[in-house]
Amino acid sequence: MALRHRLALAIALTLSAVTGASQAQAPTPGGAPSPSPGAGPVYIVTYFEVGAAAAGKTVGLLRQFAAATRKENGNAGFLALEEIARPARFAMVEVWRDKAALEVHGAAVGALRDKLQPLFASPFDIRTNAGLSVAGAAVGDEPRTLKPVYVLTHVDVFPAGKDQTIELLKQLAEASRKEAGNLRFDVLQQDGRANHLPLVEAWGDGDAQRAHAMAEHTRAFRAKLVPLQGALYDERLYALIR
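Residues numbered from 1 in each chain as written. Predicted model: local features only at pLDDT ≥ 70, side-chain atom pairs only at ≥ 80, totals over all residues. Heavy atoms only, no water.

Undergrad: Sorry if this is basic, but what is going on with the side chain of His154 here?
TA: Relative to the helices and strands, His154 resides in strand E5 (residues 149–156). What His154 contacts, discounting residues up to four positions off in sequence, is Arg127, Gln190, His196, Leu232, Tyr233 and Asp234. (Helix = DSSP H or I, 4+ residues; strand = E, 2+ residues; numbered from the N terminus. Contact = heavy atoms within 4.5 Å.)

Undergrad: Honestly, the pattern of salt bridges in this entry has me stumped. Any pointers?
TA: For the structure on display, the rule yields 8 salt bridges. Glu49 is the partner of Arg86 in a salt bridge, and the nearest nitrogen-oxygen pair spans 3.6 Å. Of the two residues, Arg86 is situated in the loop between strand E2 (75–83) and strand E3 (89–96) and Glu49 in strand E1 (residues 42–50); the sequence distance between them amounts to 37 residues. Note on Arg86: relative accessible area 43%, which makes it partly exposed. Notably, a salt bridge pairs Lys162 with Asp163, separated by 2.6 Å at the nearest N-O pair. Of the residues examined, Asp163 reaches a relative accessible area of 52% and is grouped as exposed. (Salt bridge = Lys/Arg side-chain N within 4 Å of Asp/Glu carboxyl O. Buried < 20%, exposed > 50% of the residue type's maximum accessible area, 1.4 Å probe, protein only.)

Undergrad: Just to check I follow, could you spell out empty space enclosed by the protein for this structure?
TA: To locate leftover empty space, one rolls a probe as large as a water molecule over the atoms. A complete count under the given rule lists 1 cavity of 30 Å³ or more for this structure. Of the volumes computed, that of the largest cavity is approximately 30 Å³. Lining the largest cavity, in full, are Val45, Tyr47, Arg127, Asn129, His154, Gln190 and Pro198. Elements supplying a minimum of two residues to the lining of the largest cavity: E1 and strand E4 (120–133). In the lining of the largest cavity, the residues fall into 3 nonpolar, 3 polar and 1 charged. (1 Å grid on protein atoms, 1.4 Å probe; cavity = no way out; pocket = protein on both sides within 12 Å on 5 of 7 lines; lining within 4 Å. Points joined across faces, edges and corners; volume = space filled by probe spheres on them. Nonpolar A, V, L, I, M, F, W, Y, C, P; charged D, E, K, R; others polar.)

Undergrad: Sorry if this is basic, but what is going on with the side chain of Ser133 here?
TA: Here Ser133 shows up in strand E4. Residue classification places Ser133 among the buried positions, given a relative accessible area of 11%. There is a polar contact of 2.9 Å between the side chain of Ser133 and the side chain of Arg177. (Polar contact = N/O pair within 3.5 Å; in protein donor to acceptor, adjacent residues only side chain to side chain.)

All we've got here are geometric facts, nothing functional implied.
Take a look at the structure:
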């Protein structure tokens, strides 16, 4: 009986060790480890919506918040944006030197959330990302000439198509940066969801953005992406809150 007990205990310990190792090596939902925001610049994209009557007040609060955030230690870029088609929907794009700097900023985000709480139709949806293909000036340093159009796109594909989509997005970014009127075209990857790949674009004006939408390389990309998509291509156009 003692021998049988020792054998059972040994088998249990072995199975426990194997299970623990398997869980430690389990891939993220995207099928591969996602970038660690603590290892380099951290990109934060935040979406929220307020009641239509509160849009003007929200613009004022975001203008103040943007000015204060740009002065914080570790901030490497900040955009406060208002959706063109639906002015009560807003977005913020932030870049931080590292995760430590972002964590210090958390108190300021909490204070802004408290001010906006009575106005919210939908609260902050905060997405943490790493940069996959980022080029050019810091976010927010684009020239303020004309009326720049900013585009935020959430690309969501099935995990099996993640790697193919990343290559397609890198090719699209390279081609798009060469277009007339392009100010920025960055490809990000969401932390913990490696098959979620946000895009941050800036164009000199609406004409430049519309030309890009019908460019041959854009249309070819969209056609190749359709069978890989796990959700609809969510593309939103914004005006900069100055």
